[in-house]
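Coordinates in review
As a plain string of letters, each chain reads:
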Amino acid sequence: MKLNGCAYEKEVTRVLLQGGWPAACTDELRAHVAACRGCADLVLVTASFQREREAAVSAVRIGTPGALWWRAQLRRRNAAVERIARPILGAHLFALFICAAVVIAALTDQARQGVAWLTGLEELPHALTLNLGGLWSSMLLDSGWSLVVLLPAIALLVLLGGVAAFLAWERQ
Amino acid sequence: MQRESTLPQLLVGDAPRAAAAPMDSDAFAGFYERSARPLWAYLARVSGDPALADDLMQESFVHFLCSSWQSEGEVASRRYLFRIATNLLRDHWRRPRQASIEEIPEEFFADAVNSAQADSHAVLGPALALMRPRDRQLLWLAHAEGYTHKEIAEITGLASASIRLLLFRARRKIAGLLREQATRPGRP
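Fair warning: this is a prediction, and the values are worked out from it, not measured in the lab. (Residues numbered from 1 in each chain as written. Chains lettered and ligands numbered in written order. Predicted model: local features only at pLDDT ≥ 70, side-chain atom pairs only at ≥ 80, totals over all residues.)

Focus: the nonpolar core
Across soluble globular proteins, nonpolar side chains show a tendency to be buried alongside one another. Residue and element names in this part refer to chain B. Core analysis: the biggest nonpolar cluster contains 58 residues, and Leu39, Leu43 and Ala85 have the highest contact counts within it. The element contributing the most residues to this core is helix H2 (residues 25-47), with 11 residues. Leu39 has contacts with Met57, Ser60, Leu81, Phe82 and Ala85, leaving out every residue within four places of it along the chain. (Core = buried A, V, L, I, M, F, W, Y, C linked by C-beta atoms within 7 Å. Buried ≥ 20, exposed ≤ 12 C-beta atoms within 10 Å, placed from the backbone. Helix = DSSP H or I, 4+ residues; strand = E, 2+ residues; numbered from the N terminus. Contact = placed C-beta atoms within 7 Å.)

Points about the interface of chain B and chain A
Listed as interface residues are 42 residues of chain B and, on the opposing side, 30 residues of chain A. Elements with a minimum of two residues in the side of chain B that touches chain A: helix H1 (2-12), H2, helix H3 (50-66), helix H5 (115-129), helix H6 (133-144) and helix H8 (160-183) of chain B. Tallying contributions element by element places H2 of chain B first for the side of chain B that touches chain A, with 11 residues. Of the residues in the side of chain B that touches chain A, the class split is 28 nonpolar, 8 polar and 6 charged. (Nonpolar A, V, L, I, M, F, W, Y, C, P; charged D, E, K, R; others polar.)

Remarks on H3 of chain B
The end-to-end C-alpha distance of H3 of chain B, which contains 17 residues, comes to 24 Å, matching closely the 24 Å that a straight helix rising 1.5 Å per residue would cover. What H3 of chain B keeps buried is the set Leu52, Ala53, Leu56, Met57, Ser60, Phe61, Val62, His63, Phe64 and Leu65 of chain B. (Expected span 1.5 Å × (residues − 1).)

Overview of H6 of chain B
Every α-helical turn comprises 3.6 residues, leaving residues that sit three or four positions apart pointing alike. All names here are of chain B. Taking 1.5 Å per residue as the helical rise, H6 with its 12 residues ought to reach 16 Å, and the 15 Å between its terminal C-alpha atoms agrees with that figure. Those residues of H6 that fall on the buried side of the exposure criterion are Arg136, Gln137, Leu138, Leu139, Trp140, Leu141, Ala142, His143 and Ala144. Positive phi appears at Gly146, one or two residues downstream of H6, with a value of about 75°.

In structure tokens form, the structure reads like this:
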């Protein structure tokens, strides 16, 4: 197998790609191609492919570039929106995590104080008078249902609402 | 065309500069006009499926426009386009085959084709069909498009040093097939 080819290969290729074969080449080159197997293959294959290309190019009907341009613009726009939305979604998830941690901490605290409150309830039948106003205020203030708990709960609701609104908007 | 050239910019808005269009819509229209047919011919003859070539050609142009490729002249842009098309074709071949009517090449349904195309394809088509897809790619890029070994390596992602050997073998094989076909009895 002679991989380096012959000395004429470059010239034959040049003539073929310029469309000069066989009219615009020297007798010497024609004689060489007739004798050299590699160059004969080159001529046969290149001429066949050139004819095939010409036929295919002239036969095909291509669409308008405008539709492709628009498609590309839309894809780029969607990619840009996705790029922007990714950190926002990350921030939402982070906020959700923080809120969940606050809620768990608050619930743990409430559970601890709830035990004391239940003990108070058990003692309720033994009481001589039932003071509902006093009971409510004791639930709110004494057992921990104070603003310290209520405010993060409201903040959590607002955040969850924001996440829900964002997800709904993104789906649209 | 005025509408097309202004609205996309509004749509894209403040998109990062890296994703800026490599060319405006007018330049793209010219580039498309000059490059679409050769690209389609490459895809159609290498895949053997004109319908697939239609799809991949459109997808190649969309990928080209979406890429951050900065135009370095038409020749380089076209080479980049062929590279995209080659990758898409490779992805298509790697995907599991689906047996649906969409997958059947249109040639089987076509009842009237251009006679010059039919003659040319009747000669090269059967020989090309017997070649491996990679060999078809190499042969088309080298002999139909006239790319150098270095450019073919850039388009196909193959090592530049191996192109010469692969191309030599593929050329020898298809030349044998073409000669065999020419001498086969029954052929005019």
